[in-house]
Amino acid sequence: TSRQEGNELMNPEMAEALNALAVEKGISTETLFHALAEALESAYKRMPGAEEFAWVTIEPDTMEIKVFAQELDEDLLPVGDEFDVTPDNFGRIAAQTAKQVMTQRIREAEREMKYEEYAGREGDIVTGIAQQTDARYTLLDLGRVEALLPQAEQVSTGPRPENGARYKAYIVEVRKTVKGPQIVVSRTHPGLVKRLFELEVPEIADGIVEMKACAREPGHRTKIAVASNDQNVDPVGACVG
């Protein structure tokens, strides 16, 4: 039948594409099948003459897709045996819907992965390339995501960030949005100085010297209080320069 021909043509390609996507993007095949079944159910119910109570099943091994239905009684409860109502042209609809579902799931998975990469990283230092600057904010390209550097978090005494220039910034907040993570960074936060010293001074990185406090007037002056855990190490001398 045309239904069988349609399934034979699209099933191997669809199965291969779904499995490749699951591996590449770290999405479980169960999640993809569930999303595809829901999308196909919606597609079926928009077809002329569709049964009111119907659902879609997908055979994971063969990717055979079928639509089943049951009658509803006067109380709108399903009664009787389920029966196969798979349309003859459902194979083509399934192939088109699968492409749409895969595209959507790719975007969702990538947004989630980007958020997970930066979630909980408040207090870290990142290096980004200035991509856009105006009176309100500067966008820093961090590679896979962009960070927002508000005007209030920029050093007021210096020039505006130049497009294409590299800047280090301190992650203040990571927010989860429908478009992916929104990363807010700062170049005025005292934590930036603390993290820079941790990166640049081996004694601080090793815990021999500790930073006890930090006070900063961005663009003017910064003071830090340091202490040594080793009587043979001068904490001020370790940090000078």
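Before any of the text, the structure's been laid out above.
In what follows, the accompanying structure is described. The shown structure was predicted, so the numbers you read here are calculated from the model rather than taken from an experiment.

1. A word on the sheet that holds strand 6 (residues 146-150)
Thinking step 1. Around the barrel, five strands lie side by side as 4-5-6-8-7; this closed barrel has mixed pairing. Pairwise comparison of adjacent strand axes, ignoring direction, gives a mean angle of 50 degrees for this sheet.
Thinking step 2. Inspection of the sheet shows strand 4 (residues 125-133) paired to strand 5 (residues 137-141) by four bridges, in the antiparallel sense. Paired with I129 across the strands is D141, a residue of strand 5.
Thinking step 3. Strands in contact with helix 3 (residues 90-118) are strand 4, strand 7 (166-177) and strand 8 (180-186); relative to strand 7, the strand with the most contacts, it is inclined by about 120 degrees.
Thinking step 4. Seen against the sheet, helix 4 (residues 190-200) touches strand 4, strand 7 and strand 8 and runs at an angle of roughly 120 degrees to strand 7.

2. A word on the nonpolar core
Thinking step 1. In this structure, L36, L40, I58 and F90 are the most contacted members of the largest nonpolar core, which totals 27 residues.
Thinking step 2. When contributions to this core are tallied by element, the ones reaching two or more residues are helix 1 (2-25), helix 2 (29-45), strand 1 (54-58), strand 2 (65-72) and helix 3.
Thinking step 3. In terms of residue count, the dominant contributor to this core is helix 2 (eight residues).
Thinking step 4. By size, the runner-up hydrophobic cluster in this structure holds 15 residues, among which are Y118, V126, A130 and I171.

3. Here we look at the pairing of strand 3 (residues 78-84)
Thinking step 1. Pairing between strand 2 and strand 3: four bridges, direction antiparallel. Note on strand 3: the bridge partner recorded for A69 is F83.
Thinking step 2. Where strand 2 folds back onto strand 3 in an antiparallel hairpin, the turn is made up of five residues, including L76, whose phi is positive at roughly 65 degrees.

4. Some thoughts on the sheet that holds strand 2
Thinking step 1. Taken in spatial order, the three strands of this open sheet run 1-2-3, and their pairing is antiparallel. Only two strands of the sheet have a single neighbouring strand rather than two, namely strand 1 and strand 3. Strand-to-strand twist in this sheet, taken as the mean axis angle between neighbours without regard to direction, amounts to 25 degrees.
Thinking step 2. With five bridges connecting them, strand 1 and strand 2 associate as antiparallel partners. Paired with T57 across the bridge in strand 2 is K66.

5. Comments concerning the side chain of S186
Thinking step 1. Looking at the element boundaries, S186 is found in strand 8.
Thinking step 2. Under the relative-accessibility criterion, S186 is labelled buried at 0%.
Thinking step 3. Here the side chain of S186 touches T188 through a polar contact of 3.0 Å, landing on its backbone nitrogen.
Thinking step 4. Looking at S186, its side chain comes within polar contact range of the main-chain nitrogen of H189, at 3.0 Å.

6. Section: unusual backbone geometry
Thinking step 1. Of note, the phi angle at L76 is positive, near 65 degrees, even though the residue is not glycine.
Thinking step 2. Tracing the backbone through its elements, the reader meets L76 in the loop between strand 2 and strand 3.

7. Re the pattern of salt bridges
Thinking step 1. Going through the model one piece at a time under the given rule, you end up with eleven salt bridges.
Thinking step 2. Salt-bridge contacts for R221 lead to E217; the nearest nitrogen and oxygen are separated by 3.6 Å.
Thinking step 3. Three or more residues joined by partner-sharing salt bridges are found here, namely K194, R195 and E198.

Reading the values: rules and limits
Residues numbered from 1 in each chain as written. Predicted model: local features only at pLDDT ≥ 70, side-chain atom pairs only at ≥ 80, totals over all residues. Heavy atoms only, no water. Pairing = 2+ DSSP bridges. Helix = DSSP H or I, 4+ residues; strand = E, 2+ residues; numbered from the N terminus. Axes fitted to C-alpha atoms, helices over the stretch in contact; angles between N-to-C directions. Contact = heavy atoms within 4.5 Å. Core = buried A, V, L, I, M, F, W, Y, C linked by side-chain atoms within 4.5 Å. Buried < 20%, exposed > 50% of the residue type's maximum accessible area, 1.4 Å probe, protein only. Polar contact = N/O pair within 3.5 Å; in protein donor to acceptor, adjacent residues only side chain to side chain. Salt bridge = Lys/Arg side-chain N within 4 Å of Asp/Glu carboxyl O.

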